Amino acid sequence: MRLILRALITISVLAILTAQAAADAEIVIAIRYLQAEGASHSHLCLYREDGKLLRQLTNDNSGQDSGPIFAEDGGMIVFTREKPNDIREFWSIEPRGTHLKKLDAAPDWYTSAKSSPYFTNVDAEQSPSPSPPASAKESASPAETPPPAYKSPDGSVELLLREDPNDEADQVDGPGHGKHYLLRDLKTRMETEFGNLPGFDGVFGLLHNNQDKDQHFLFDGPLRLAFFDLHLNSTDGDTVFALDLAGPRLVRLSPNWAAPIPLPGEAAFFTFTETRYVPILGRKKTANCSYMERWDEKLNKVCYAHEKSAAICYGASRYRPGKDPRVITLGRGAD
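This report concerns the structure included in the present document.

Here is what the cut-offs are and how they apply
Residues numbered from 1 in each chain as written. Predicted model: local features only at pLDDT ≥ 70, side-chain atom pairs only at ≥ 80, totals over all residues. Heavy atoms only, no water. Helix = DSSP H or I, 4+ residues; strand = E, 2+ residues; numbered from the N terminus. Buried < 20%, exposed > 50% of the residue type's maximum accessible area, 1.4 Å probe, protein only. Pairing = 2+ DSSP bridges. Axes fitted to C-alpha atoms, helices over the stretch in contact; angles between N-to-C directions. Phe/Tyr/Trp six-rings, centres within 6.5 Å; stacked < 30°, edge-to-face > 60°. Lys NZ or Arg CZ within 6 Å of the ring centre and 35° of its normal. Salt bridge = Lys/Arg side-chain N within 4 Å of Asp/Glu carboxyl O. Core = buried A, V, L, I, M, F, W, Y, C linked by side-chain atoms within 4.5 Å. Contact = heavy atoms within 4.5 Å.

### Side note on unusual backbone geometry
In step 1: The omega angle of the peptide bond from glycine 247 to proline 248 is -10°, so this bond is cis rather than trans.
In step 2: Cis geometry marks the peptide bond from aspartate 324 to proline 325, where omega comes out at 0°.
In step 3: Tracing the sequence through the fold places proline 325 in the loop between strand S22 (311-319) and strand S23 (327-330).
In step 4: Located in the positive-phi region is asparagine 85, a residue other than glycine, with phi close to 65°.
In step 5: Structurally, asparagine 85 is set in the loop between strand S5 (77-83) and strand S6 (87-93).
In step 6: Take asparagine 85: its relative accessible area is 73%, and that puts it in the exposed class.

### A look at the sheet that holds S22
In step 1: Taken in spatial order, the five strands make up an open sheet running S3-S2-S1-S22-S23, and their pairing is antiparallel. Of all strands in the sheet, those bounded by a partner on one side alone are strand S3 (53-56) and S23. This sheet shows a mean twist of 20° between the axes of neighbouring strands, independent of strand direction.
In step 2: Note: strand S1 (residues 26-33) against S22, seven bridges, orientation antiparallel. Directly across from isoleucine 29, in S22, lies its bridge partner alanine 316.

### As for the sheet that holds strand S10 (residues 157-160)
In step 1: Spatial ordering of the open sheet is given by S9-S10-S11-S12, a layout of four strands whose pairing is antiparallel. The open sheet has two free edges, formed respectively by strand S9 (149-151) and strand S12 (191-193), since each of these has just one partner strand. Taking each pair of neighbouring strands and ignoring which way they run, the sheet shows an average axis angle of 20°.
In step 2: The pairing of S9 with S10 spans three bridges and is antiparallel. Pairing of alanine 149 across the sheet is with leucine 160, part of S10.

### A few points about the packing of aromatic side chains
For any pair of aromatic rings, the description consists of the separation of the ring centres together with the inter-plane angle of the planes.
In step 1: Applying the stated criterion to the full structure yields 12 aromatic pairs.
In step 2: Their ring planes at 85° and their centres at 6.2 Å tell us that tryptophan 109 and tyrosine 110 sit as a pair that is edge-to-face.
In step 3: The class for tyrosine 110 is buried, based on a relative accessible area of 0%.
In step 4: Judged by centre distance (6.0 Å) and plane angle (55°), the rings of phenylalanine 270 and tyrosine 304 are tilted. Placement of the pair is phenylalanine 270 in strand S19 (residues 268-279) and tyrosine 304 in the loop between strand S21 (301-303) and S22, with a sequence separation of 34 residues. Both residues of the pair, phenylalanine 270 and tyrosine 304, belong to the buried class.
In step 5: Taken together, the ring pairs connect Phe119, Phe227, Phe269 and Trp295 into an aromatic cluster.
In step 6: Just above the ring of tryptophan 91 sits the side chain of arginine 81; from NZ or CZ to the centre is 4.6 Å.

### Side note on the pairing of strand S16 (residues 237-244)
In step 1: Taking burial as the measure, the eight residues of S16 include seven buried ones, the bulk of the element.
In step 2: Counting the residues between successive antiparallel strands, the hairpin from strand S15 (residues 223-233) to S16 contains three residues.
In step 3: As paired strands, S16 and strand S17 (residues 249-252) are joined by four bridges and run antiparallel to one another. The residue bridging alanine 242 from the neighbouring strand is valine 251, located in S17.
In step 4: Counting the residues between successive antiparallel strands, the hairpin from S16 to S17 contains four residues.

### Here we look at the pattern of salt bridges
In step 1: Taken as a whole and judged by the stated rule, the model has 17 salt bridges.
In step 2: A salt bridge links glutamate 49 to arginine 294, with the nearest nitrogen and oxygen atoms 3.5 Å apart. Highlighted residues: glutamate 49 in the loop between strand S2 (42-48) and S3 and arginine 294 in strand S20 (residues 286-296), separated in sequence by 245 residues.
In step 3: Taking relative accessible area as the criterion, glutamate 49 reaches 24% and is therefore assigned partly exposed.
In step 4: For arginine 294, a relative accessible area of 15% puts it in the buried group.
In step 5: Across the pair aspartate 244 and arginine 249 runs a salt bridge whose closest N-O atoms are separated by 3.1 Å.
In step 6: Residues participating in the shared-partner salt-bridge network are Glu49, Glu266, Arg294, Arg318 and Arg320.

### Things to note about the pairing of S2
In step 1: For S2, the buried fraction is high: six of the seven residues fall into the buried class.
In step 2: Pairing geometry for S1 and S2, over seven bridges, is antiparallel. Looking at S2, one finds that isoleucine 31 is bridged to histidine 43.
In step 3: Pairing geometry for S2 and S3, over three bridges, is antiparallel.

### Section: the nonpolar core
In step 1: Ile29, Ile31, Phe270, Cys289, Met292, Tyr304 and Leu330 are the most contacted members of the largest nonpolar core, which has 25 residues in total.
In step 2: Secondary structure elements with two or more residues in this core: S1, S2, S19, S20, S22 and S23.
In step 3: Once residues within four sequence positions are removed from consideration, isoleucine 31 is found in contact with His41, Ser42, His43, Cys45, Tyr304, Ala305, Ala311 and Ile312.
In step 4: If you look at the next biggest cluster of nonpolar residues, it comprises 22 residues, including Leu183, Phe204, Leu206 and Phe241.

Spatial relationships are all this shows, so hold off on functional conclusions.
In structure tokens form, the structure reads like this:
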């Protein structure tokens, strides 16, 4: 009987600890909701991972709260308050909304913090396709250079960024481009043109990790992704598609730009998402807005903002107990 009771107590304790760890995985967002009248201000809001708003942490309207970052132990959030006349203050607050405190100076760990790695097209936007890898160049004949090829980290698939010189859509960065790109299964040798994938509107450059230009895939657990940009037009700018290799399919991440941010050790990722021409409630005007969103392995998303709101994200931070790194920093100030 004692052994049964002891086992039940152990199971209960583990369940409580697991639930507590899940509850501790929180996201703090600095967000400014645009108003029909008067000045709007950015405040800190704490969210649960599933998108539930736990509490608004700040409500001061003397400036704009930005750049929130969790301390390594998750017990404190430090942020910047930008005020008129170029006045910058540093404050701290606990995730429960208690002990709001103005600091004499920002902690060293806060000032040295950088945005976490994200996928980008910087340094890859000068030509329609990235340069082919060295192995491809060595095997090229004088008459024909093979298309750039990128093999997935597990060696299961390969992307061949093939273009047709006779296809007008392949000559410009715009809708329809990339229909001749190939997804090759390296085990079965089956090939699928991107134009035949569900969700295809066009793809252009293959995005890479901003801290490692050779990293073009996001593989974590069941997550199997690559990201492509595409220029829409002068009004809508650029957008980003996720190539879901588990589908396979293409999923557009935003009406406009979206920067994918990996969450190491999780089958999920964040995006810093830009949306143009969002209506401001109560006004005829629109605004260019930005949001933090989370995507799971099935590419279902959660947006950390009020539904159908016109808002601007001024930075965010995710505390992840038991993960490495524990803190993910998103959209850090001047980064």
